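Examination of the molecular architecture
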Amino acid sequence: MPFDESHQPGPQRGAGGRAINLPPVLVWLIGINVAVQLVREILGDAADLDIIQQFGLVPAAYTSGAGADLLSLLMAPITYQFLHGGWVHLGINMVMLAAFGVPVVRMLGTRRFILFYLSAGVFAGFVHVFFFPDSMDPVVGASGSISGVFGAVLMLMRYVGSLTSLLPVAIVWIAINVFFGVFGGTPGAGGDPVAWTAHIGGFVYGLAAIRLFMPRPGP
């Protein structure tokens, strides 16, 4: 099964192994996110605000066309996933991606994982647009994508009969997002209010869509 790993003793786990045993696609995704944050820090506050406005996901841009051009409308559902509200926001998301992404990558393979990850973020972003159509606050972060990965992990655990142990985690996770949604105000950039509807949208997408990305068994 894709979740089973052979923990071979001796030389196969020795000095020749990688110190961080993550699939290369996760290392690349984490590296790109960190590089984007570094570039934003180097460019300074004024340029950073322009980047957030141009490449963050602004709901009102899709519902009323406020302050948007066609290129931004096309790119923002992807680019917002690589922008974060600060190093803490970035760090939490990347730890979550590393924690939940490994079994999904092993099940899907690199190309299918990238398509699944990005599409989860796009779906999550538009769930946020649906619930906050008039908001001019740009939403940033990979949380919607990672919520999709989390939902996928639950479904993959179901296939190997281990879903029950993760159900309490899922319930707590949803409850936390609803709490922040009720008491945190309108989601926006800067990492302050939490885009809880995007998180839940990504999570539901992961539960429902993961089977569409799974490789078909051979003849």
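In this report, we go over the structure that sits alongside the text. (Residues numbered from 1 in each chain as written. Predicted model: local features only at pLDDT ≥ 70, side-chain atom pairs only at ≥ 80, totals over all residues. Heavy atoms only, no water.)

The next thing to look at is the overall build of the chain. Counting its secondary structure elements, the chain contains nine helices and zero strands. Order of helices (α) and strands (β) in the chain, N terminus to C terminus: α-α-α-α-α-α-α-α-α. A burial count over the chain gives 42% of its 219 residues as buried. If you sum the accessible surface of the chain, you get close to 11,800 Å²; carbon and sulfur atoms cover 68% of it. (Helix = DSSP H or I, 4+ residues; strand = E, 2+ residues; numbered from the N terminus. Buried < 20%, exposed > 50% of the residue type's maximum accessible area, 1.4 Å probe, protein only. Areas by Shrake-Rupley, 256 points an atom, 1.4 Å probe, with all protein chains shown as cover.)

Turning our eyes to something else, we now look at the packing of aromatic side chains. This structure, assessed with the given rule, holds eight aromatic pairs. Arranged with centres 5.3 Å apart and planes meeting at 90 degrees, the rings of Phe130 and Phe131 form a pair that is edge-to-face. Taken as a pair, Phe130 and Phe131 share a single burial class, namely exposed. An aromatic cluster is built from Phe116, Phe123, Tyr205 and Phe213, whose rings are joined through pairwise contacts. (Phe/Tyr/Trp six-rings, centres within 6.5 Å; stacked < 30°, edge-to-face > 60°.)

Attention now moves to helix 4 (residues 70–79). For helix 4, the complete set of buried residues consists of Ser72, Ala76, Pro77 and Thr79. The N-capping residue of helix 4, defined by a side-chain oxygen 3.1 Å from the backbone nitrogen of Leu71, is Asp69. (Polar contact = N/O pair within 3.5 Å; in protein donor to acceptor, adjacent residues only side chain to side chain.)

Turning our eyes to something else, we now look at the pattern of salt bridges. This model, assessed by the stated rule, comprises one salt bridge. Note that Asp48 is salt-bridged to Arg40, the shortest N-O span being 2.5 Å. A single burial state applies to Asp48 and to Arg40, both of which are buried. (Salt bridge = Lys/Arg side-chain N within 4 Å of Asp/Glu carboxyl O.)

To continue, consider the side chain of Ser145. As for its placement among the helices and strands, Ser145 is situated in helix 7 (residues 143–159). Look past the residues within four positions of Ser145 in its chain and what remains in contact with it is Gln81, Tyr117, Ala120 and Gly121. (Contact = heavy atoms within 4.5 Å.)

Contact geometry for helix 1 (residues 24–43) and helix 5 (residues 87–108): axes closest at 9 Å, N-to-C directions at 165 degrees. By the angle class used here, helix 1 and helix 5 are roughly antiparallel. Relative to helix 5, the crossing made by helix 1 is right-handed. Residues Val25, Leu26, Leu29, Ile30, Asn33, Val34, Gln37, Leu38 and Glu41 of helix 1 lie in contact with helix 5, whose contacting residues are Trp87, Leu90, Met94, Leu97, Ala98, Gly101, Val102 and Val105. Here the contact of helix 1 with helix 5 is built from residues that sort into 13 nonpolar, three polar and one charged. (Axes fitted to C-alpha atoms, helices over the stretch in contact; angles between N-to-C directions. Parallel < 35°, antiparallel > 145°, perpendicular 65-115°, else oblique. Left-handed = near helix turned anticlockwise from the far one by under 90°. Nonpolar A, V, L, I, M, F, W, Y, C, P; charged D, E, K, R; others polar.)

What follows covers the nonpolar core. Formed by 34 residues in total, the largest nonpolar core has its most connected members in Leu97, Val104, Phe113 and Phe116. When contributions to this core are tallied by element, the ones reaching two or more residues are helix 1, helix 5, helix 6 (110–131), helix 7 and helix 9 (196–213). When residues no more than four places from it in sequence are discounted, the contact partners of Val104 are Gly109, Phe113, Phe116, Val149, Ala152, Val153, Leu156 and Ile210. Residues Leu57, Tyr80, Ala124 and Val139 belong to the second largest nonpolar core, which totals eight residues. (Core = buried A, V, L, I, M, F, W, Y, C linked by side-chain atoms within 4.5 Å.)

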